[in-house]
Every structure is written in structure tokens, then in C-alpha cells.
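Residue strings, one per chain:
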Amino acid sequence: MADLQRKTETIRTIENLQLSSSLISALDDNTLAESIAEAINCLQGLSQQWN
């Protein structure tokens, strides 16, 4: 993931949502990082709706 700030924010979101730590390590794979970030954004939106 080229944008270090976005990566850091995504890591925090993964930790806050208590998702697998393997998602954090997968952010180093450029082919997966964007898909993971999009999925995290969707999950974060659902989490906010539930709270």
C-alpha cells in the first residue's frame, strides 16, 4: 500500500474491529491491499450502523 497514512488507519480499523491479524500482514501485498481497504470500509460502515 503506497500511502503509509492510509495503511496506518486501516491497521487501526482492523484492530478496532478485532479482525484477523493476517489482514494487517496482507496489506503489504499490493494486489490485496486495495481490496482489503475497501472491505474494511464496508465493515466499518456496518459496525457504525449496529452501534
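In this section: helix 1 (residues 4-16). Compared with the 18 Å implied by 1.5 Å per residue over 13 residues, the 18 Å span of helix 1 between its first and last C-alpha is a close match. Where helix 1 is concerned, the buried positions are K7, T10, T13 and I14. Projection of helix 1 onto a plane perpendicular to its axis shows the buried side chains occupying an angular sector of 120°, all on one side. Structural note: helix 1 exposes L4, Q5, R12 and N16 on the side pointing more than 90 degrees away from its buried face. On its buried face, helix 1 is in contact with helix 2 (21-26) and helix 3 (30-50). One side-chain oxygen at the N-terminal end of helix 1 lies 3.2 Å from the backbone nitrogen of Q5; it belongs to D3.

If you look at the biggest cluster of nonpolar residues, it comprises 6 residues: I14, A26, L27, A33, I36 and I40. Here the element with the most residues in this core is helix 3; it accounts for 3 residues. Contact partners of I40, with chain neighbours within four places excluded, come to T10, T13, I14, L17, L19 and L23.

It is worth spelling out the pattern of salt bridges at this point. Here the structure, examined in full by the defined rule, presents 2 salt bridges. Of the charged contacts in the structure, one is a salt bridge between E34 and R6, with a shortest N-O distance of 3.3 Å. Pair noted here: E34 is in helix 3 and R6 is in helix 1, with a separation of 28 residues, a long-range link. Note that D28 and K7 form a salt bridge whose closest N and O atoms lie 2.2 Å from each other. A residue pair is termed long-range when its members are at least 10 positions apart, and D28 in the loop between helix 2 and helix 3 and K7 in helix 1 qualify at 21 residues.

Rules used in this analysis
Residues numbered from 1 in each chain as written. Predicted model: local features only at pLDDT ≥ 70, side-chain atom pairs only at ≥ 80, totals over all residues. Heavy atoms only, no water. Helix = DSSP H or I, 4+ residues; strand = E, 2+ residues; numbered from the N terminus. Expected span 1.5 Å × (residues − 1). Buried < 20%, exposed > 50% of the residue type's maximum accessible area, 1.4 Å probe, protein only. Arc of directions from axis to C-beta. Contact = heavy atoms within 4.5 Å. Polar contact = N/O pair within 3.5 Å; in protein donor to acceptor, adjacent residues only side chain to side chain. Core = buried A, V, L, I, M, F, W, Y, C linked by side-chain atoms within 4.5 Å. Salt bridge = Lys/Arg side-chain N within 4 Å of Asp/Glu carboxyl O.

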